[in-house]
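So you can see what is in the structure, the chains are spelled out below.
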Amino acid sequence: MSDFFGFNTVMPGRQGGRIALNLEEQQELDRQVQKYALETGEDFEIYDYGETYDNLADDLEETRDDLNDETFGTDFDFAKNTHQVAPALKKEEELYIKQSDHSDLGGNGGFAVHDPVFGQGTFALSRPAGFGGNQPSLEEIEAQLSRTAGAQPHMQMQQERKMMSLEEVEAALMNINGGRPIHSEAMIAEQQAKQARLEQRRAERQAKQADIAKHNGLMTQSDKDFINRIQISQLVTDDPYADDFYCQVYTALRNRHLQQMGIPGNMMDPEGNQGDSRRRGGNGRTEQRMQQQVQRIVSDAKRNPKRTNVTVEGALGKIAVNSVLNPRQLLQVSKRGSYTESSGPNSPKPPSPGPVSTKSHTVLGWIENVYTYVLALEQKRRQQPPPPRMGEEEIAGEAIRRWNEEYGVLARKMWNELRITVPIGIVHPHPFISILNYSKGKKVIPRVLRHLLPEQTLTLLTMLVANFESLNVCKSEVYADVQGNQEIELFMNTIVPPLLGFVSEAPFRIVVGLLALFIERNNMIWVARSKPGLAFLTLFLSRAEILKQGQGNYPIPEDREVNQWNELYHRLFNQLQTHFSALFMPKATMAEDVHVWRFLAAMAVGATVDQQHVLVTEVREQVLENVIAAQTTRMSPEKAAQRIGNVNLFLHALGLDASQVSVPSM
Amino acid sequence: MTGNIGGLPPFLTLVGQPVTVELKNDLAITGVLVSVDQFLNIKLDNIKVVDEERYPHMLAVKNCFIRGSVVRYVQLPAPSVDTALLQDAARRERQQPATGARK
């Protein structure tokens, strides 16, 4: 230790006991001392180093040790005993120090724990109570110096040094102020006040730290790990899809949307409950370890499940153990006695060909089963094994085959659950139609279609068409009712679009067949009065037209097929004749009638001249009404344009335009 | 698995959104959702009491922690919740009830 706060600790040679410090060295020494003083906030001037020896040593009891051997015995091992008790002593000491910190600190830095000279946790045993941590060490320094300096010249030197130090203080202060000459005492006092405040704040901070540090070291590392494991086990899951389904899929969907809109959405990982996602790389290993720990915990828990009912020996009955996972029931719901068929939530019922009761709960049960299968299928899709890499085709092929098998099994079960293959006529309404009558059922259809083979889709469509009029959305009175309207909208949004896609790809004969079925099995007048019915009709008609003109992906149909089609068309037309104008809703309901215009346009395209004539005659009133309304009455330009557009849908199909309509003068 | 996490996932996606929590004592508080846990305890930031500050003692309160058991309703912003997805999540939850066995 040759450097001691900048002091030169090399023992000076004994030259009459006087330290050979010339002025420079002395000034240097003082400067160092001052620097140290400023750093630690000590005010040296109050120390009078002249008389630090308190002569207490003279009062030590040095005699009367004669009977030691008798008292303690000759083989008492002092060192060993001390060594054994040392840790306790040390701890006591620390506690004592911490306690004594609460007593007067006097504005000096009272850091109890960290002694800059001797390091952490060491204290001179003779430390006086109530002093700040600095002073003994300072005293030590001074003691050392004084000892090396000798007695008399020591005092002189102290005085010299004191005067020096005063000058040094002033010089230091000047340096602080940027070299300005010495100013009034007030400024000096201000400086000192500022320093005092700084020291005070530092003292407070350190006191707080010490306060907290009072309770350090109570838990062992294994304790902390234990607690951490428990907390983490709440967050980490084995299969994120199983537990956190909603979050995962929701964020995935949202990110996909955001990416489509061009906004980066990279926050895939489900953020923990604290919303904290720190550096993922560094946490990778810890996550692995946590995963392993969690798996261990989980398997342990599975082996010994905690029971929700505790039965004590000899007691009558069970005691329900309530916890977060098994909360007390607030409501007591009693099960009703008998259903005609009880459908358990997890066991799908096989479709029975006999008379099946179509009680609502049964149908709802079917729908839920379909949902179960759909969810399972979607999950399977997500777990689709990757395409085989080179050389691994054997193994990968096996996995793919297995996956395909399982997927097929699920898909078939789902198909059965839809009750589409149930023969018609046994039960009215047809089970599939019953399914479609519920909004839940409608919503599941688009998802179902994604997993069906094309021929299955065709079968579905056929069934639907065959029984169309029994759909609840097909009743025309439904328009007046808000809920009915919602169902219709739902139908139009969920069922029509995917089937539209399907029909748009279908060949001519299929379309012909479907329309034939449609007309045969359903009362057209009834069907046409509903939005879904019109939608389907329009669909078939327009598709047929496209195909007839050869604009589809298929070659122009043969004459035979075209004749079939024409025949169908005539049948349809004859049925609907005189009813065309009735297709429009009474104006009072303010319902949208654009779909009617579309249908009329579709009809017009395939019509002969005579038929077109009939069409125009029948809906003439409507056309005129719309045109007049758009031109004369006060309505917003958008609405007017819409009206004209609607009418033009129809008129253009005839080769006419709304502008050609001559408004009969009033 | 990690036990019943049932009611929690929708809230996890709502952290950072403004919600309104109505308590069983009829106090309704609007604030930004900071955190939620498995007991549906809720932490809100920048809270504002809903009804005309009939509860003036809350004027100075900026953030709060609400114990899950006193909540009656939580009003969520509609566009932030995907109801169809929620239904699916509930169906899955029903099919695979998380094992209630946990230490």
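Predicted model only: the values in this text are computed from it and were never measured.

1. Considerations on the overall build of chain A
Across its full length, chain A holds 24 helices and six strands. Buried residues in chain A amount to 34% of all 666 residues. Sequence separation of 24 or more characterises 68% of the internal contacts of chain A that already satisfy a separation of 6 or more. Looking at chain A as shown, the accessible area adds up to about 42,300 Å², and 54% of this sits on carbon and sulfur atoms.

2. Quick look at the overall build of chain B
From N to C terminus, chain B includes two helices and five strands. Listing each helix as α and each strand as β along chain B from the N terminus yields α-β-β-β-β-β-α. The 103 residues of chain B split such that 41% are buried. Pairs at least 24 residues apart make up 48% of the contacts formed inside chain B by residues separated by at least 6 positions. When the accessible surface of chain B is summed, it comes to about 5,600 Å², and 57% of that surface belongs to carbon and sulfur atoms.

3. Quick word on a positive patch on the surface
Residues and elements named next belong to chain A. Together, Lys-194, Arg-197, Arg-201, Arg-202 and Arg-205 make up a positively charged patch on the protein surface. By the secondary structure assignment, Lys-194 is in helix H6 (residues 185–213). In this structure Lys-194 comes out as partly exposed when scored by relative accessible area, which is 44%.

4. A few points about the pattern of salt bridges
Tallied over the entire structure, the rule returns 16 salt bridges over all chains. One salt bridge in this structure joins Glu-417 of chain A and Arg-419 of chain A, with 3.2 Å as the shortest N-O distance. Residues Glu-417 of chain A and Arg-419 of chain A agree in their burial class; the two are buried. Between Asp-26 of chain B and Arg-72 of chain B there is a salt bridge, with its nearest N and O atoms 3.0 Å apart. With Asp-26 of chain B in the loop between strand S1 (18–23) and strand S2 (28–36) and Arg-72 of chain B in strand S5 (residues 71–75), this pair connects stretches of sequence that are 46 residues apart. The exposure class assigned to Asp-26 of chain B is partly exposed, which follows from its relative accessible area of 48%.

5. A word on the confidence of the model for chain A
All names here are of chain A. This prediction gives chain A a mean pLDDT of 73; 66% of its residues lie at or above 70. Confidence drops under a pLDDT of 50 for residues 104–135, and excluding neighbours within four residues, the segment shows 45 contacts in the predicted structure. Low confidence marks residues 338–349, where pLDDT is under 50. Its contacts with residues over four positions away, or in another chain, come to 17 contacts.

6. A few points about the nonpolar core
Core analysis: the biggest nonpolar cluster contains 89 residues, and Leu-464, Phe-518, Phe-536, Phe-580, Phe-599, Leu-600 and Phe-650 of chain A have the highest contact counts within it. If you look at the next biggest cluster of nonpolar residues, it comprises 28 residues, including Val-21, Leu-33, Val-49 and Met-58 of chain B.

7. Quick word on the UniProt feature "coiled-coil region" (unreviewed entry) in chain A
When the UniProt feature table is mapped onto this chain, "coiled-coil region" (unreviewed entry) is found at residues 186–213 of chain A. As annotated, residues 186–213 of chain A has a helix share of 100% and a strand share of 0%, and its two end C-alpha atoms lie 40 Å apart.

8. Describing the packing of aromatic side chains
Residue and element names in this part refer to chain A. Summed over the entire model, instances satisfying the criterion amount to 11 aromatic pairs over all chains. Relative to Tyr-407, the ring of Trp-403 lies with its centre 5.1 Å away and its plane at 20 degrees, an arrangement referred to as stacked. Pair noted here: Trp-403 and Tyr-407 are both in helix H12 (residues 393–417), with a separation of four residues, about one helical turn. There is no split in this pair, since Trp-403 and Tyr-407 are both buried. Taken together, a centroid distance of 6.1 Å and an interplanar angle of 40 degrees make the contact between Trp-597 and Phe-650 tilted. Highlighted residues: Trp-597 in helix H22 (residues 594–605) and Phe-650 in helix H24 (residues 637–653), separated in sequence by 53 residues. Neither Trp-597 nor Phe-650 differs from the other in exposure class; each is buried.

9. Let's talk about unusual backbone geometry
Residue and element names in this part refer to chain A. Phi is positive for Arg-64, which is not a glycine, with a value near 65 degrees. Tracing the backbone shows Arg-64 in the loop between helix H1 (23–40) and helix H2 (68–72). Look at Arg-64 and you get exposed, because its relative accessible area is 69%. Within the chain, Thr-578 stands out as a residue other than glycine whose phi angle is a positive 70 degrees. The residue Thr-578 is located in the loop between helix H21 (559–576) and H22 in this model. Owing to a relative accessible area of 57%, Thr-578 belongs among the exposed residues under this scheme.

10. Examining the confidence of the model for chain B
Residue and element names in this part refer to chain B. For chain B, per-residue confidence averages 82 on the pLDDT scale, and 87% of positions sit at 70 or higher. Here residues 99–103 is a poorly scored stretch, pLDDT under 50, and it has 14 contacts once near neighbours within four places are set aside; other chains count. Interface predicted TM-score (ipTM) for the complex: 0.77; the corresponding pTM is 0.57.

11. Quick word on a nonpolar patch on the surface
All names here are of chain A. A surface patch of nonpolar side chains, amounting to about 490 Å² of accessible area, comprises Leu-218, Met-219, Phe-226, Ile-227 and Ile-230. By the element assignment, Ile-227 lies in helix H7 (residues 221–235). With relative accessibility at 38%, the residue Ile-227 sits in the partly exposed group.

12. Brief notes about the side chain of Asn-522 of chain A
Residues and elements named next belong to chain A. Among the secondary structure elements, Asn-522 is positioned in the loop between helix H18 (508–521) and helix H19 (524–528). For Asn-522, the side chain forms a polar contact with the main-chain nitrogen of Phe-468, separated by 3.3 Å. Here the side chain of Asn-522 touches Phe-518 through a polar contact of 3.0 Å, landing on its backbone oxygen. Not counting the four nearest positions on each side in its chain, Asn-522 is found in contact with Val-465, Ala-466, Asn-467, Phe-468, Glu-469, Leu-517 and Val-527.

13. Observations regarding helix H17 (residues 496–504) of chain A
Think of an α-helix as turning once every 3.6 residues; residues three or four places apart then point the same way. Buried within H17 of chain A are the following residues: Val-496, Leu-499 and Val-503 of chain A. Seen along its axis, H17 of chain A keeps its buried residues to an arc of 70 degrees; they face one direction.

Cut-offs applied
Residues numbered from 1 in each chain as written. Chains lettered and ligands numbered in written order. Predicted model: local features only at pLDDT ≥ 70, side-chain atom pairs only at ≥ 80, totals over all residues. Heavy atoms only, no water. Helix = DSSP H or I, 4+ residues; strand = E, 2+ residues; numbered from the N terminus. Buried < 20%, exposed > 50% of the residue type's maximum accessible area, 1.4 Å probe, protein only. Contact = heavy atoms within 4.5 Å. Areas by Shrake-Rupley, 256 points an atom, 1.4 Å probe, with all protein chains shown as cover. Patch = residues over 30% accessible without salt bridge, like charges linked within 9 Å, V, L, I, M, F, W, Y side chains within 5 Å. Salt bridge = Lys/Arg side-chain N within 4 Å of Asp/Glu carboxyl O. Lys, Arg positive; Asp, Glu negative; His and termini not counted. Charge placed at Lys NZ, Arg CZ, Asp CG, Glu CD. pLDDT = per-residue confidence, 0-100. Core = buried A, V, L, I, M, F, W, Y, C linked by side-chain atoms within 4.5 Å. UniProt positions renumbered as here; feature names shortened; annotations may be inferred. Phe/Tyr/Trp six-rings, centres within 6.5 Å; stacked < 30°, edge-to-face > 60°. Polar contact = N/O pair within 3.5 Å; in protein donor to acceptor, adjacent residues only side chain to side chain. Arc of directions from axis to C-beta.

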